Amino acid sequence: MITVKSLSKHFGDLVVLKDISVEINKGEVISIIGPSGTGKSTFLRCLNLLETPTGGEIFIDGEPLLDKNTNVPKIRQKMGMVFQSFNLYAHLTVLENLTIGPIKLLGRGKNDADRKAIELLKLVGLAEKAGNFPDELSGGQKQRVAIARCMAMEPEILLFDEPTSALDPTMVSEVLAVIRRLAKEGMTMVIVTHEMEFARNMSSRIFYMDEGIIYEEGTPQQIFGNPLREKTRAFIHRIRSLHYHIASRDYDLYALQSEMEAFCDKHLFTKEIKRAILLITEEILGVQQEFSDIDLSLSYSEKDGGIELVCENTGKPFNPFAEGVLEDDLGVTLIKSRCNNVSYQYENGKNILTLDVKV
Amino acid sequence: MKRYTPGIYLVILMQLFGCGKKNVQIANLAMLEGGKTFAVPTGTAADQLVLQRIPDAKMKYFNSAFDCAMAVREGKADAAAYDRPILQNIAGKNDGLVVLPELLVDDRYGFAVQLNNEKLKTVIDQVLTEIKTNGIYNDMMKRWLPEKGVPAPMPKIELAGTNGVLRFGTAAVTEPMSFVDENKNVVGFDVEFATYVARKLGKKLEIVDMEFGAMLPALVADKVDMIGAGLSITEERAKSVLFSESYYPSGIAAIVKDYSPPRLVKSNLKIKDIDDIKDKRIGVVTGTVHDSYAINNYPDAVIMQYQNYADLLTALRSEKADVAFVDQSSTKDIFSVNPDLGYIVENVYSVPIGVGFNKVDSQLRGRFNTFLNEIKANGIYDDLIDRWDRQGLKEMPQIKTPNPNGALRVGIVSDIGMPHTIVQNGELIGLDVELGRRFAAYLGREYVPIDMPFGSLIAALSTRKVDLITSGIMITQERQKQIDFSEPYFKSGVSLIAMKNNIARAAAVTGSIMTTANDLADKKIGIFTGTVHDAFIAKKYPQAKILRYESTADLIMSVKTDKVDAVMLDLITGRLLLKHNPELALLTDDIFNTPLGVGFSKKNPALRDEFNAFLKEIRQDGTYAVMDKRWFREDAEGAVMPSFDYSGTKKLVVGVSVEDLPYVAFMNGQYVGFDIEMIARFGERQGYDVEFVQMEFPSLIAALAAGKVEMISDGISISEERQKQIDFSDPYAQFRTAVIVSKNRLAGYEGEKSVTTKKTFFQGVSESFYSNIILENRYLLIVDGLKITIIISIFAAIVGTLLGALVCFMRMAKNKFAVGFAQVYIVLLRGTPVLVLLMIIYYVIFASVNINPVIVAVIAFGLNFAAYVSEMFRTSIESIEKGQQEAGIAGGFTKLQTFGYIILPQALRQVLPVYKGEFISLVKMTSIVGYIAVQDLTKAGDIIRSRTFDAFFPLIMAAVLYLLIAWLLTWALGRIEISVDPKRRRVAAKAGVAQ
């Protein structure tokens with residue numbers, strides 16, 4: 001249905017979308033997730049030309065959207081958009097919001113349109129509000145009307161721009177319920193959302209957007225269960241991490257420890273855990289032989305509470321945990337006592353020690 | 001009862017606290033018995049003398065008699081005791097104190113000489129007898145010891161002094177017997193007496209001032225020959241000195257606080273003329289000629305002397321003095337700062353002002369007199385006087401001496417005041433300064449002003465520190481003894497002024513009453529804008545102030561309400577006005593005559609010649625005489641306009657203004673008047689179809705010049721100025737000017753009460769209603785005017801709104817040129833006053849185009865309205881949140897559709913309230929179309945006013961009608977607002993759903 005080729009979007013010097021190429025097929029429910037400011041909404045708004053791309057091509061049912069001769073409003077009639085701030089027509093009643101499009105654009109008769117509108121309102125559970133004005137509805141109600149308004153135009157595809165971000169949790173569910181229903185009925189939808197559970201359950205495909213591109217895409221199982229790329233993982237697991245680079249033997253241990261302390265405090269680790277981490281760090285560095293290129297990273301998963309310390313040392317293979325490698329294995333003992341698990345790998349010229357800290 | 005208890009407690013408390021001392025008036029000495037406190041000066045015999053009389057009195061000591069009296073006034077002592085004349089002097093100058101009539105102790109003053117100086121004592125006694133016989137004694141008593149007020153100054157007494165010196169010791173702190181005056185001279189009763197003694201002895205008088213206590217010792221030690229300072233004759237003292245006969249029966253009196261109501265404020269004194277001041281309190285500035293003048297001429301008055309004008313005026317205004325003598329040249333300034341003061345007599349007498357020269361410097365003086373004659377001959381002098389004195393301008397022309405050959409040192413007093421010398425912005429300017437500079441230039445010397453106090457001028461001249469002195473110095477005999485004066489270069493008048501509410505009738509003051517036209521010289525005169533009177537007054541009465549009015553009705557109002565002193569207008573109109581306004585009178589009718597002519601465009605001499613030929617005809621065949629009789633000689637209001645047949649073939653457009661019977665007026669729905677009849681006849685005879693177009697008088701000439709009319713006639717005076725722009729026919733009438741004033745300003749009408757019948761308010765209103773609306777079917781004028789106003793308003797609004805929408809569209813477009821054009825349009829149209837725009841369009845853009853001025857009005861107002869409307873639209877559109885547009889676009893609407901279905905309905909709701917206001921503004925703005933000869937509602941009111949001279953009713957009526965229109969519009973637009981408001985339509989929608 002929608003083919004996007006090398007889409008890019010700049011705002012002056014700021015590059016929001018670098019290079020995006022995707023296919024969206026009929027019946028798919030695509031959820032677009034990712035950190036804020038990575039161009040998710042921009043991408044969505046390019047699809048119906050609310051934003052004009054700087055480069056690339058978009059085809060809707062084979063029609064080139066960016067071509068001068070294309071009747072864009074006509075195409076838009078086939079695409080409905082649901083906004084974060086609802087954007088219901090303030091001067092029209094709920095019913096009129098639904099009927100204005102069909103009457104003016106699709107040429108329906110008033111009675112016809114009214115009837116259809118009431119049906120749709122029943123679908124979203126708001127038939128009794130037909131005569132009300134938008135400013136008399138709650139947020140969740142407004143959004144449901146917005147969805148009904150889109151449906152009134154009998155669209156082929158619906159675009160949702162963070163539909164629940166402006167709603168409080170009680171209202172979120174009523175809107176998600178409607179969207180779920182639409183998905184069940186086979187509507188093609190592209191949804192930008194922060195509702196991870198919803199995305200996981202309802203989508204046929206997930207786009208994780210970061211760095212101006214679709215950083216990773218896959219089925220919900222793939223993305224949520226086994227995110228391949230680092231940032232995806234970080235996002236999914238809501239991993240927070242601290243990185244520290246050491247370039248010489250004369251590194252500043254105190255600076256390092258102070259950063260780690262700050263990290264621990266920030267994430268509200270207990271004193272014991274903090275002490276453990278600092279000790280482990282000191283020890284693990286203590287058993288290193290070369291110091292010309294060490295990358296330390298301390299990661300914390302908000303999702304499951306796990307804390308992981310990884311030490312990558314470029315150099316000759318050296319595994320301090322192996323039996324008999326170190327003369328004095330006090331350090332190793334100390335480390336091991338405070339970890340659930342320690343592992344060693346040698347990869348790409350780097351000694352990688354992974355420590356799973358006990359919490 | 002409960003409510004009152006707090007009050008009662010309060011009263012009791014007040015009694016307890018406030019009334020430790022009861023404010024009881026002490027009326028006699030008996031009331032001072034019983035342990036009362038006396039305030040007495042230290043070092044005198046006062047305390048002893050009090051105790052003699054009141055043994056249980058308590059004493060409080062102060063430095064001087066004055067301090068004692070103040071203590072009494074402030075309640076620190078019950079009474080003060082001291083010599084009666086001194087206490088009387090204090091009581092006279094200070095409110096709140098009164099001297100008890102009964103003396104505590106009798107006392108007698110005497111002069112003292114050395115014990116063995118019988119001879120001197122005899123002389124003193126002789127002098128005393130003499131002056132008692134020849135009246136000087138009484139005079140001295142009156143002068144030095146007046147009941148109330150300040151002692152008069154010391155008279156000058158000549159002393160030949162060939163026989164030596166009489167050394168007179170005194171303590172110059174006992175006013176009024178011996179004290180120091182403002183000029184630091186020792187004066188007083190005793191001093192004057194001593195002078196007489198010295199004179200008798202043929203000696204000079206040497207006054208030795210000392211402490212009171214030192215007098216006796218000094219006499220005994222032969223340091224002085226005679227002592228006196230209110231010295232009491234006591235036995236004690238008589239042991240060491242020889243006293244003369246008592247010259248003043250004094251006594252120790254008691255002065256107490258005066259609780260009686262303060263002296264009745266003397267307002268409403270009703271001073272009519274200068275004779276009335278002979279028993280009043282006359283204020284003067286010490287040392288001026290007014291001082292001695294007042295003293296010499298008004299012996300029965302109380303002369304109040306002050307240090308300077310500021311104090312004098314304060315005294316006048318706070319009713320410490322009743323009248324004041326001031327320099328006439330200062331009065332302008334005085335009255336502008338103190339409008340509650342006015343003249344009793346504008347010029348009591350004049351004193352010549354001259355430049356002072358040292359007596360030995362007769363050559364310089366001669367040169368100055370020559371110089372003065374020169375500048376009087378060549379007009380510079382007149383200009384000088386005119387600028388500084390008459391007009392009161394404060395501009396100093398640049399006068400420099402090129403290559404000065406020495407300096408001319410001129411003594412001046414920099415703050416003497418206008419017009420002589422003042423300092424403005426750090427620069428020395430004034431009549432005397434300019435004169436001095438010119439003289440210096442004349443001499444080829446540099447003008448060097450040397451500033452000093454007035455009192456030092458003569459001294460500086462005598463000691464040759466300066467070459468001459470100026471600054472408004474009056475030439476007096478006294479001064480001429482010390483210095484020589486030039487010929488007078490200025491006359492300073494002396495005015496008598498007082499608080500206006502003390503003058504019998506402010507208007508009754510000479511100078512404000514007018515008798516002849518010459519009295520107009522300095523008045524405020526009202527005239528018609530754009531008439532020849534302007535130039536006339538400027539020339540003949542350059543000092544008069546001219547106020548210009550737009551209509552006769554306004555003129556009349558202004559003179560009735562005293563906004564002007566007199567008005568000038570043509571005699572015939574004037575006579576009509578007097579008929580209707582009995583409170584006005586004719587000052588003169590013989591002031592100014594001009595011929596009247598009909599105006600023609602310079603481009604059309606043929607028409608003018610035609611008209612002149614016509615004029616000749618009607619004069620010859622008697623028609624003119626008939627017209628003259630009908631309109632000018634008989635009552636124009638009763639004239640019947642003959643009917644004419646306006647069916648000529650050629651069109652003739654004639655411009656008129658309708659305020660001026662007998663020339664042009666609008667009565668009973670048609671144009672009437674001499675000019676109208678004349679032109680109508682002209683049209684009839686020459687086969688013209690005459691169309692009269694009516695406009696404001698000042699616009700007539702412009703309209704002729706722009707070709708909008710071919711002739712103009714409205715009793716227009718032929719003047720040179722006008723002849724530059726247009727051509728006139730031969731004169732067809734003479735215009736005589738009347739000067740009209742309020743009756744109570746006219747000499748000869750004084751005392752006459754204007755007879756006005758009292759009307760009830762309703763009577764007044766219904767009479768107004770009748771004369772303004774019903775009479776002569778004037779309401780038709782209003783209806784027509786109303787129609788025009790509404791038409792212009794509505795069409796201008798339509799044009800403006802459409803144009804405004806277009807401009808708004810351009811303003812919000814993507815195209816840079818469109819945006820730029822729109823911005824320029826908005827700035828230009830919002831920044832130009834509508835009246836100016838209107839006249840530019842009518843007189844400039846459409847000059848020589850025969851366009852209906854109503855269309856011009858619609859265009860002008862429409863253009864102006866559009867500028868505001870476009871910005872209103874833009875703001876309201878931009879105020880709709882962006883999401884609405886995005887939803888529309890996303891929903892498949894084109895930009896235009898989104899604007900039309902989504903944005904516009906919402907913007908409309910925002911813009912309507914402001915639009916309503918602007919629309920109403922537009923309606924009111926249309927009231928200016930009278931300027932381009934459109935007869936709208938306001939103009940209709942003006943026309944009626946010009947007939948009834950009733951200012952109130954037509955104006956109110958116009959206002960009410962505008963209000964009505966505004967209210968109607970508000971209501972109509974309100975209905976639209978409702979229909980645009982979606983909430984109102986909910987009812988319908990719900991009904992639909994229910995189906």
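Residues numbered from 1 in each chain as written. Chains lettered and ligands numbered in written order. Predicted model: local features only at pLDDT ≥ 70, side-chain atom pairs only at ≥ 80, totals over all residues. Heavy atoms only, no water.

## Regarding helix H11 (residues 271-286) of chain A
Next, step 1: Here H11 of chain A spans 22 Å end to end across 16 residues, near enough to the 22 Å set by a 1.5 Å rise per residue.
Next, step 2: Of all the positions in H11 of chain A, only Ile-273, Lys-274, Ala-276, Ile-277, Leu-278, Ile-280, Thr-281, Glu-283, Ile-284 and Leu-285 of chain A are classed as buried. (Helix = DSSP H or I, 4+ residues; strand = E, 2+ residues; numbered from the N terminus. Expected span 1.5 Å × (residues − 1). Buried < 20%, exposed > 50% of the residue type's maximum accessible area, 1.4 Å probe, protein only.)

## Some words on empty space enclosed by the protein
Next, step 1: What the rule picks out here adds up to 6 cavities of 30 Å³ or more.
Next, step 2: Residue lining of the second largest cavity: 20 residues in total, with Arg-149, Cys-150 and Met-153 of chain A together with Ala-887 and Gly-891 of chain B positioned closest to the centre.
Next, step 3: Of all elements in the fold, only helix H2 (72-78), strand S6 (79-82), helix H3 (94-105) and helix H5 (139-152) of chain A together with helix H31 (882-890) of chain B reach the threshold of two or more residues within the lining of the second largest cavity.
Next, step 4: Broken down by element, the lining of the second largest cavity gets its largest block of residues, 6 residues, from H3 of chain A. (1 Å grid on protein atoms, 1.4 Å probe; cavity = no way out; pocket = protein on both sides within 12 Å on 5 of 7 lines; lining within 4 Å. Points joined across faces, edges and corners; volume = space filled by probe spheres on them.)

## Points about the pattern of salt bridges
Residue and element names in this part refer to chain B.
Next, step 1: Across all of its chains, the model carries 45 salt bridges over all chains by this definition.
Next, step 2: Note that Lys-200 and Glu-130 form a salt bridge whose closest N and O atoms lie 2.7 Å from each other. Taken together, the positions of Lys-200 in helix H7 (residues 189-201) and Glu-130 in helix H5 (residues 118-133) put the pair 70 residues apart, joining distant regions of the chain.
Next, step 3: The class of Glu-130 is partly exposed, set by a relative accessible area of 38%.
Next, step 4: Measuring nitrogen to oxygen at the nearest pair gives 2.8 Å for the salt bridge that ties Asp-322 to Arg-281. With Asp-322 in the loop between helix H11 (309-317) and strand S16 (323-327) and Arg-281 in strand S14 (residues 281-285), this residue pair connects regions lying 41 residues apart in the sequence. Taken as a pair, Asp-322 and Arg-281 share a single burial class, namely buried. (Salt bridge = Lys/Arg side-chain N within 4 Å of Asp/Glu carboxyl O.)

## A few points about the side chain of Thr-164 of chain A
Next, step 1: Here Thr-164 of chain A shows up in the loop between strand S7 (157-161) and helix H6 (169-184).
Next, step 2: Those residues within four positions of Thr-164 of chain A in sequence are excluded, and the remaining contacts are Val-172, Val-175, Leu-176 and Glu-195 of chain A. (Contact = heavy atoms within 4.5 Å.)

## Details of the environment of Thr-421 of chain B
Residues and elements named next belong to chain B.
Next, step 1: Along the chain, Thr-421 falls in the loop between strand S19 (407-412) and strand S20 (422-424).
Next, step 2: Linking Thr-421 and Leu-431, residues 10 residues apart in sequence, is a C-alpha distance of 6.6 Å.
Next, step 3: Polar contacts involving the side chain of Thr-421 include one to the side chain of Ser-471, which spans 3.2 Å. (Polar contact = N/O pair within 3.5 Å; in protein donor to acceptor, adjacent residues only side chain to side chain.)

## What to know about the confidence of the model for chain B
All names here are of chain B.
Next, step 1: Of all residues in chain B, 90% attain a pLDDT of 70 or more, and the chain-wide mean is 81.
Next, step 2: For chain B, helix H35 (residues 986-994) is the element with the lowest average pLDDT, namely 53, and helix H28 (residues 816-831) is the one with the highest, namely 94.
Next, step 3: Here residues 506-511 is modelled with pLDDT under 50, and outside its nearest four sequence neighbours on either side it reaches 13 contacts, counting other chains as well.
Next, step 4: Contacts from residues 750-756, a stretch scored under 50 in pLDDT, to residues over four places away or in other chains number 4 contacts.
Next, step 5: Of the two predicted TM-score estimates for the complex, the pTM is 0.49 and the ipTM is 0.78. (pLDDT = per-residue confidence, 0-100.)

## Some thoughts on the sheet that holds strand S8 (residues 188-192) of chain A
Residues and elements named next belong to chain A.
Next, step 1: Here we have 6 strands laid out as an open sheet, ordered S6-S7-S8-S3-S9-S10, and mixed in their pairing. In this open sheet, the two edge strands, each paired with only one partner strand, are S6 and strand S10 (213-218). The sheet shows a mean angle of 20 degrees between the axes of neighbouring strands, taken without regard to direction.
Next, step 2: Alignment of strand S3 (residues 29-33) against strand S9 (residues 205-210), held across 4 bridges, turns out to be parallel. Residue pairing across strands places Ile-33 opposite Tyr-208, the latter belonging to S9.
Next, step 3: Taken strand by strand, helix H1 (residues 40-47) contacts S3, S6, S7, S8 and S9, and its axis lies near 150 degrees from that of S7. (Pairing = 2+ DSSP bridges. Axes fitted to C-alpha atoms, helices over the stretch in contact; angles between N-to-C directions.)

## Focus: a negative patch on the surface
Residues and elements named next belong to chain A.
Next, step 1: Taken together, the side chains of Glu-323, Glu-327, Asp-328 and Asp-329 make up a negatively charged region of the molecular surface.
Next, step 2: Position of Glu-327 relative to the elements: it lies in the loop between strand S13 (307-314) and helix H12 (330-338).
Next, step 3: A relative accessible area of 86% means that Glu-327 is categorised as exposed. (Patch = residues over 30% accessible without salt bridge, like charges linked within 9 Å, V, L, I, M, F, W, Y side chains within 5 Å. Areas by Shrake-Rupley, 256 points an atom, 1.4 Å probe, with all protein chains shown as cover. Lys, Arg positive; Asp, Glu negative; His and termini not counted. Charge placed at Lys NZ, Arg CZ, Asp CG, Glu CD.)

## Overview of the nonpolar core
All names here are of chain B.
Next, step 1: By size, the foremost hydrophobic cluster in this structure holds 113 residues, and its most contacted members are Phe-611, Met-678 and Met-711.
Next, step 2: The greatest single-element share of this core, amounting to 13 residues, is contributed by helix H30 (residues 853-878).
Next, step 3: Excluding residues within four positions of it along the chain, Phe-611 makes contact with Val-598, Phe-600, Met-678, Phe-682, Met-711 and Ser-729.
Next, step 4: Counting residues in hydrophobic clusters, the runner-up holds 67 residues, among them Met-70, Phe-168, Ile-255 and Val-256. (Core = buried A, V, L, I, M, F, W, Y, C linked by side-chain atoms within 4.5 Å.)

## What about the interface of chain A and chain B?
Next, step 1: Taken together, the contact between chain A and chain B spans 31 residues of the former and 23 residues of the latter.
Next, step 2: When the two sides are added together, the surface that chain A and chain B hide from each other amounts to roughly 2200 Å², 61% of it contributed by carbon and sulfur.
Next, step 3: Contact with chain B buries surface across chain A, with Tyr-89, His-91 and Phe-133 of chain A losing the most and accounting together for 27% of the total.
Next, step 4: Counting across the chain A and chain B interface gives 1 salt bridge.
Next, step 5: Taken together, chain A and chain B are joined by 7 residue pairs in polar contact (both at pLDDT 80 or more).
Next, step 6: Counting only elements with at least two residues in the side of chain A that touches chain B, the list comes to H2, S6 and H3 of chain A.
Next, step 7: Residues that form the side of chain A that touches chain B fall into these classes: 16 nonpolar, 8 polar and 7 charged. (Buried area = accessible area lost by both parts, 1.4 Å probe. Nonpolar A, V, L, I, M, F, W, Y, C, P; charged D, E, K, R; others polar.)

## A short note on the packing of aromatic side chains
Next, step 1: Within the structure shown, the criterion is met by 35 aromatic pairs over all chains.
Next, step 2: On the numbers, 6.2 Å between centres and 75 degrees between planes, the contact of Phe-263 of chain A with Phe-269 of chain A is edge-to-face.
Next, step 3: Classification of Phe-263 of chain A by relative accessible area gives buried; the value is 7%.
Next, step 4: Its relative accessible area of 12% is what places Phe-269 of chain A among the buried residues.
Next, step 5: Each ring, one from Tyr-624 of chain B and one from Phe-674 of chain B, has its centre 5.8 Å from the other, and the planes form 80 degrees; the classification is edge-to-face. Placement of the pair is Tyr-624 of chain B in helix H22 (residues 623-633) and Phe-674 of chain B in helix H23 (residues 674-686), with a sequence separation of 50 residues.
Next, step 6: Since its relative accessible area comes to 13%, Tyr-624 of chain B is described here as buried. (Phe/Tyr/Trp six-rings, centres within 6.5 Å; stacked < 30°, edge-to-face > 60°.)

## Digging into the pairing of strand S4 (residues 55-60) of chain A
Residues and elements named next belong to chain A.
Next, step 1: Here strand S1 (residues 2-11) runs beside S4; their pairing, made up of 5 bridges, is antiparallel. Residue pairing for S4: Val-4 is matched across the bridge by Ile-58.
Next, step 2: A loop of 2 residues connects S4 with strand S5 (residues 63-64), the two strands running antiparallel in sequence, and Asp-61 in this loop sits at a positive phi of about 50 degrees.

## Digging into the packing of helix H27 (residues 778-811) of chain B against helix H32 (residues 895-925) of chain B
Residues and elements named next belong to chain B.
Next, step 1: Running from N to C, H27 and H32 point in directions that differ by 135 degrees, and their axes come no closer than 9 Å. Taken together, the axis directions place H27 and H32 in an arrangement best described as oblique. H32 is crossed by H27, and the crossing has right-handed handedness. Contacts from Ser-793, Ala-796, Ala-797 and Thr-801 in H27 reach Tyr-915, Phe-919, Leu-922 and Val-923 in H32.
Next, step 2: Taken together, the residues of the contact of H27 with H32 break down into 6 nonpolar, 2 polar and no charged. (Parallel < 35°, antiparallel > 145°, perpendicular 65-115°, else oblique. Left-handed = near helix turned anticlockwise from the far one by under 90°.)

## Considering the sheet that holds strand S23 (residues 468-469) of chain B
All names here are of chain B.
Next, step 1: Across the sheet, 5 strands lie side by side as S22-S19-S23-S18-S24; this open sheet has mixed pairing. The sheet is open, and its two edges are formed by strand S22 (446-451) and strand S24 (484-485), each paired on a single side.
Next, step 2: In the sheet, strand S18 (residues 356-357) pairs with S23 via 2 bridges, with the strands oriented antiparallel. Bridge pairing in S23 places Phe-357 opposite Leu-468.
Next, step 3: Packing of helix H15 (residues 431-443) onto the sheet brings it into contact with S19, S22 and S23, and relative to S22 it is tilted by some 145 degrees.

## A few points about the packing of H31 of chain B against H32 of chain B
Residue and element names in this part refer to chain B.
Next, step 1: Running from N to C, H31 and H32 cross one another at 145 degrees; their axes reach a closest spacing of 9 Å. The handedness of the crossing between H31 and H32 comes out as right-handed. Along its contact with H31, which presents Gln-884, Gln-885, Gly-888 and Ile-889, the element H32 presents Lys-895, Thr-898, Ile-902, Ile-903 and Gln-906.
Next, step 2: Counted by class, the contact of H31 with H32 contains 3 nonpolar, 5 polar and 1 charged residues.

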